[in-house]
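Now for the letters of each chain:
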Amino acid sequence: MLAAVITAFGGPDVFALTELPAPAGEVVDVTLAGVNFADVHRRRGEYEKPSLPAVLGADVVGRLRSGRRVAALLRAGGGYAQVAPAQHVVDVPGEVSDEQALAVLEQGLTAWHSLHTLGRVGADDVVVVTAAAGGVGHLAVQLARAAGARVIALASSPAKRAFLTELGAHVTVDSHHPDLGAALGEAPTLVLDSVGGRTFEQLHGALAPFGRIVAYGGASDVANTVAVDDLMTASTGVLGFWLQRVLDDEELYRSSAARLFHLAGRGLLTARIGGRYPLSAVGRAHADLESRTTSGKLVIDVHRLT
Ligand SMILES: NC(=O)c1ccc[n+]([C@@H]2O[C@H](COP(=O)([O-])OP(=O)(O)OC[C@H]3O[C@@H](n4cnc5c(N)ncnc54)[C@H](OP(=O)(O)O)[C@@H]3O)[C@@H](O)[C@H]2O)c1
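These numbers were taken from a predicted model, which means no experiment stands behind them. (Residues numbered from 1 in each chain as written. Predicted model: local features only at pLDDT ≥ 70, side-chain atom pairs only at ≥ 80, totals over all residues. Heavy atoms only, no water.)

S.K.: Before we go on, may I ask you to explain the overall build of the protein chain in this structure?
M.R.: Per the secondary structure count, the protein chain includes 10 helices and 15 strands. Against the globule reference of 19 Å for 306 residues, the protein chain gives a C-alpha radius of gyration of 19 Å, in line with a compact fold. By its C-alpha atoms, the protein chain is 55 × 40 × 35 Å across when sized along the principal axes. Considering only intrachain contacts with a sequence separation of at least 6, the fraction spanning at least 24 residues in the protein chain is 65%. For the protein chain, the computed accessible surface area is about 12500 Å², with 54% contributed by carbon and sulfur atoms. Measuring between centres, the 26 positive side-chain charges of the protein chain sit 4 Å from its 31 negative side-chain charges. (Helix = DSSP H or I, 4+ residues; strand = E, 2+ residues; numbered from the N terminus. Rg over C-alpha atoms; globule rule 2.2 N^0.38 Å. Contact = heavy atoms within 4.5 Å. Areas by Shrake-Rupley, 256 points an atom, 1.4 Å probe, with all protein chains shown as cover. Lys, Arg positive; Asp, Glu negative; His and termini not counted. Charge placed at Lys NZ, Arg CZ, Asp CG, Glu CD.)

Below, the structure is given as structure tokens:
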């Protein structure tokens, strides 16, 4: 099988198309692999540093050898390949396309559990979503709207902000604005943040009393610390989300994946496919994601080589 392999940590040019033996054990014959921002961190050697050589890629859709159409989440990588290990496999209902299944699984679970399980979103909430046009963010915007909340969506370009307005965001804000708290125009009661650094600081500072911020990523590469005394004074909460904790609970994983597929199958949650790349162009997909120009989910067609 062919795979996009890295033999060194670094920029998007470290991927090389390489012939490898298929993984041992049960496998998925991959149709599409997903691109996730966490793989940018892994490729740079900043996060869950994989041993080299490595095949990155955390989510795939395809078929088991039995013919079952499945999606799988690969916590140890292996997704940027024509055959992947069959880990955390869930059946894909007939009415959900491969692209939609891939786009609503890893990113949809992150959006759902940040918004509902931790954020306890309700119709009275004013919800801010950072990186709102991205893979997780554009699903979170739709789910927050469906929960009846008022939605303020942050994104870095006019084109992304127009997309977010189409998706139903009530207000959009330029994520480069130097004073995000002021730019919101109102105090949020719930913030979903995947950027960290000054974005987290400013949005946490803008929370209404009794508001909460759910942190689930650090695209800015700047870590945050929180002083408990300050939380008491402001009466706000800081929560964190990691998908691994959902995967640790098989029943929670299966039921929430089934809910997301149900919503996708009925057209109540629609992922945007922001780019479809051949296996030889995984590096280009990473470069595009890092350049902050993409929206929605990027997918790799592992059987297209050019
Ligand atoms: N905790 C978990 O278990 C979990 C699971 C899945 C994903 N995540 C996290 O969720 C976030 C979204 O993941 P995704 O795959 O859907 O990616 P994505 O949102 O499609 O892409 C990242 C977005 O982050 C924004 N951004 C802000 N500062 C950036 C910077 N310095 N460099 C690059 N981008 C920057 C950009 O949006 P603007 O340019 O519009 O601001 C960019 O489009 C990531 O932080 C990821 O690590 C966490």
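Right, picking up where we left off after that structure.
S.K.: I keep staring at the environment of Val-96 and nothing clicks. Help me out?
M.R.: Assignment of secondary structure puts Val-96 in the loop between strand S7 (89-91) and helix H2 (98-118). C-alpha separation for the pair Val-96 and Ala-264, spaced 168 residues apart in sequence, amounts to 6.5 Å. Ignoring any residue separated from it by four or fewer positions in sequence, one finds Val-96 in contact with Arg-69, Ala-101, Phe-261, Ala-264 and Gly-265.

S.K.: When you look at the site of the ligand in this model, what are you seeing that I'm missing?
M.R.: The ligand sits among 27 residues. The nearest are Phe-37, Ser-156, Tyr-216, Leu-243 and Arg-292. For the ligand, an oxygen atom lies 2.9 Å from a polar atom in the backbone of Val-136. Take Ser-175: an N or O atom from its side chain is 3.0 Å from an oxygen atom of the ligand. Looking at the shell around the ligand, the elements that each hand over two or more residues are helix H1 (37-43), H2 and helix H10 (282-290). Looking at the shell around the ligand residue by residue, the class counts come to 12 nonpolar, 11 polar and 4 charged. Composition of the shell around the ligand by domain shows at least three residues from each of domain 1 (2-106 + 250-301) and domain 2 (109-244). (Near = heavy atom within 4 Å. Polar contact = N/O pair within 3.5 Å; in protein donor to acceptor, adjacent residues only side chain to side chain. Nonpolar A, V, L, I, M, F, W, Y, C, P; charged D, E, K, R; others polar. Domains from an automatic or database assignment.)

S.K.: Any chance you could explain the side chain of Gln-244 here in plain terms?
M.R.: Here Gln-244 lies in helix H8 (residues 244-247). A distance of 2.9 Å separates polar atoms of two side chains, one belonging to Gln-244 and the other to Asp-248.

S.K.: What am I meant to see in the packing of H2 against helix H9 (residues 250-265) here?
M.R.: Between two packed helices, both the angle of their axes relative to each other and the distance between the axes serve to describe the pair. Axis separation between H2 and H9 bottoms out at 9 Å; the angle between their running directions is 115°. Classified by chirality, the crossing of H9 by H2 is right-handed. Facing H2, whose interface residues are Ala-101, Val-104, Leu-105, Gly-108, Leu-109, Trp-112 and His-113, H9 presents Leu-252, Tyr-253, Ser-256, Ala-257, Arg-259, Leu-260, Phe-261, Leu-263 and Ala-264. Grouping the amino acids of the contact of H2 with H9 by side-chain chemistry returns 12 nonpolar, 3 polar and 1 charged. (Axes fitted to C-alpha atoms, helices over the stretch in contact; angles between N-to-C directions. Left-handed = near helix turned anticlockwise from the far one by under 90°.)

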